Amino acid sequence: ALNGWMNRQLIAEFGLKLGFLQWYGLSAINALANYLPLPQAGAVVRGAFLKRLHGLGYGRYTATVLYMYVASVVLMGIVGLGALAHIARAGGKVSWILWIAYGGLAALAILLMPHAARLIPGKKLQQLAEGYRTLGRWSVIGRLTFWKLLTIAVNATGIWLAYRSLAHPTGWARSLVV
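These numbers come from a predicted model, not from an experiment. (Residues numbered from 1 in each chain as written. Predicted model: local features only at pLDDT ≥ 70, side-chain atom pairs only at ≥ 80, totals over all residues. Heavy atoms only, no water.)

> How do you make sense of the side chain of Ser27 when you look at a structure like this?
On the secondary structure map, Ser27 appears in helix H2 (residues 20-33). The exposure class of Ser27 is buried, given its relative accessible area of 16%. Setting aside chain neighbours within four positions, we find Ser27 in contact with Ala1 and Gly4. (Helix = DSSP H or I, 4+ residues; strand = E, 2+ residues; numbered from the N terminus. Buried < 20%, exposed > 50% of the residue type's maximum accessible area, 1.4 Å probe, protein only. Contact = heavy atoms within 4.5 Å.)

Take a look at the structure:
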């Protein structure tokens, strides 16, 4: 449901207002389509739906998908660095490879900055660049960050609870790294 809500918020930046049944149903269909043996089948189905019923161009839709993925990766990197710092401070061993990996993910934050749309070349990708520019406003970045951090926290809590239910309790920070 959180992913559906975030998609609703991003798509609203292009003037489309999805009702509850549409954004929640689209999220469910997206999750179901991801079980198909095609990479990103859910995203393709969601894009086709938004194009057909609401006229949202594929370039703008692709901008929302890319922006969500980049934001997810960046926030996972930042949260991962924070979790590693907590684990190390508590005396736990942390591999330098994890520091480099999470640091690299966090460094991709440059792609979320408002002027990142200038990096998209060519006139054929103009609609993508325009969509990316729309989503690159600080107010959108702030809201997306909040919702993605909430999603990461919910997922980490699920992993933490799963470890506890299997009689292998672990710290919540370690669940963030998993």
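> Explain a nonpolar patch on the surface here, please?
Residues Trp96, Ile97, Trp99 and Ile100 make up a contiguous nonpolar surface patch of roughly 470 Å² in combined accessible area. You can see Ile97 is positioned in helix H5 (residues 96-107). (Patch = residues over 30% accessible without salt bridge, like charges linked within 9 Å, V, L, I, M, F, W, Y side chains within 5 Å. Areas by Shrake-Rupley, 256 points an atom, 1.4 Å probe, with all protein chains shown as cover. Salt bridge = Lys/Arg side-chain N within 4 Å of Asp/Glu carboxyl O.)

> For this particular structure, what's the right way to read the layout of surface pockets?
Any space left empty among the atoms is revealed by the rolling of a water-sized probe across them. Computed from the structure, the largest pocket encloses a volume of approximately 670 Å³. Asn3, Ser72, Met76, Lys148 and Asn155 are, among the 31 residues lining the largest pocket, the residues nearest its centre. Among the elements that make up the lining of the largest pocket, the one with the highest residue count is helix H4 (residues 58-89) (seven residues). Here the lining of the largest pocket is composed, by residue class, of 17 nonpolar, 12 polar and two charged. (1 Å grid on protein atoms, 1.4 Å probe; cavity = no way out; pocket = protein on both sides within 12 Å on 5 of 7 lines; lining within 4 Å. Points joined across faces, edges and corners; volume = space filled by probe spheres on them. Nonpolar A, V, L, I, M, F, W, Y, C, P; charged D, E, K, R; others polar.)

> Mind showing me how you'd approach helix H6 (residues 126-135) here?
Given 3.6 residues to a turn, an α-helix orients residues that are three or four positions apart in the same direction. Those residues of H6 that fall on the buried side of the exposure criterion are Leu128, Ala129, Gly131, Tyr132, Thr134 and Leu135. Buried positions along H6 lie against helix H1 (2-12), H4 and helix H7 (138-165).

> How do you make sense of empty space enclosed by the protein when you look at a structure like this?
In this structure the tally under the stated criterion is three cavities of 30 Å³ or more. Put simply, the largest cavity is a space of about 50 Å³. Around the largest cavity, the lining residues are Met6, Gln9, Leu10, Val140, Arg143, Leu144 and Trp147. Of all elements in the fold, only H1 and H7 reach the threshold of two or more residues within the lining of the largest cavity. Broken down by element, the lining of the largest cavity gets its largest block of residues, four residues, from H7. Partitioned by chemical class, the residues of the lining of the largest cavity number five nonpolar, one polar and one charged.

> What am I meant to see in the packing of H4 against H5 here?
Helix-helix packing is described using two parameters, namely the angle between the two axes and the distance between the axes. Relative orientation of the contacting elements H4 and H5 amounts to 145°, with a least axis distance of 7 Å. Like other packed secondary-structure pairs, H4 and H5 cross with a definite hand, here left-handed. On H5, the residues touching Val73, Val74, Met76, Gly77, Ile78, Gly80, Leu81, Leu84, Ala85 and Ala88 of H4 are Leu98, Trp99, Tyr102, Gly103, Leu105 and Ala106. Across the contact of H4 with H5, the residue classes tally to 13 nonpolar, three polar and no charged. (Axes fitted to C-alpha atoms, helices over the stretch in contact; angles between N-to-C directions. Left-handed = near helix turned anticlockwise from the far one by under 90°.)

> Please explain the packing of aromatic side chains as it appears in this structure.
The description of an aromatic ring pair rests on the distance of the ring centres and on the angle between the ring planes. Counted by the stated rule, this structure contains six aromatic pairs. Measuring from ring centre to ring centre gives 5.2 Å for Phe146 and Trp147, while their planes differ by 75°; the resulting arrangement is edge-to-face. Residue class for Trp147 comes out partly exposed when judged on its relative accessible area of 23%. Feature note: the residues Trp5, Phe20, Trp23, Tyr24, Phe146 and Trp147 constitute an aromatic cluster, connected by ring pairs. (Phe/Tyr/Trp six-rings, centres within 6.5 Å; stacked < 30°, edge-to-face > 60°.)

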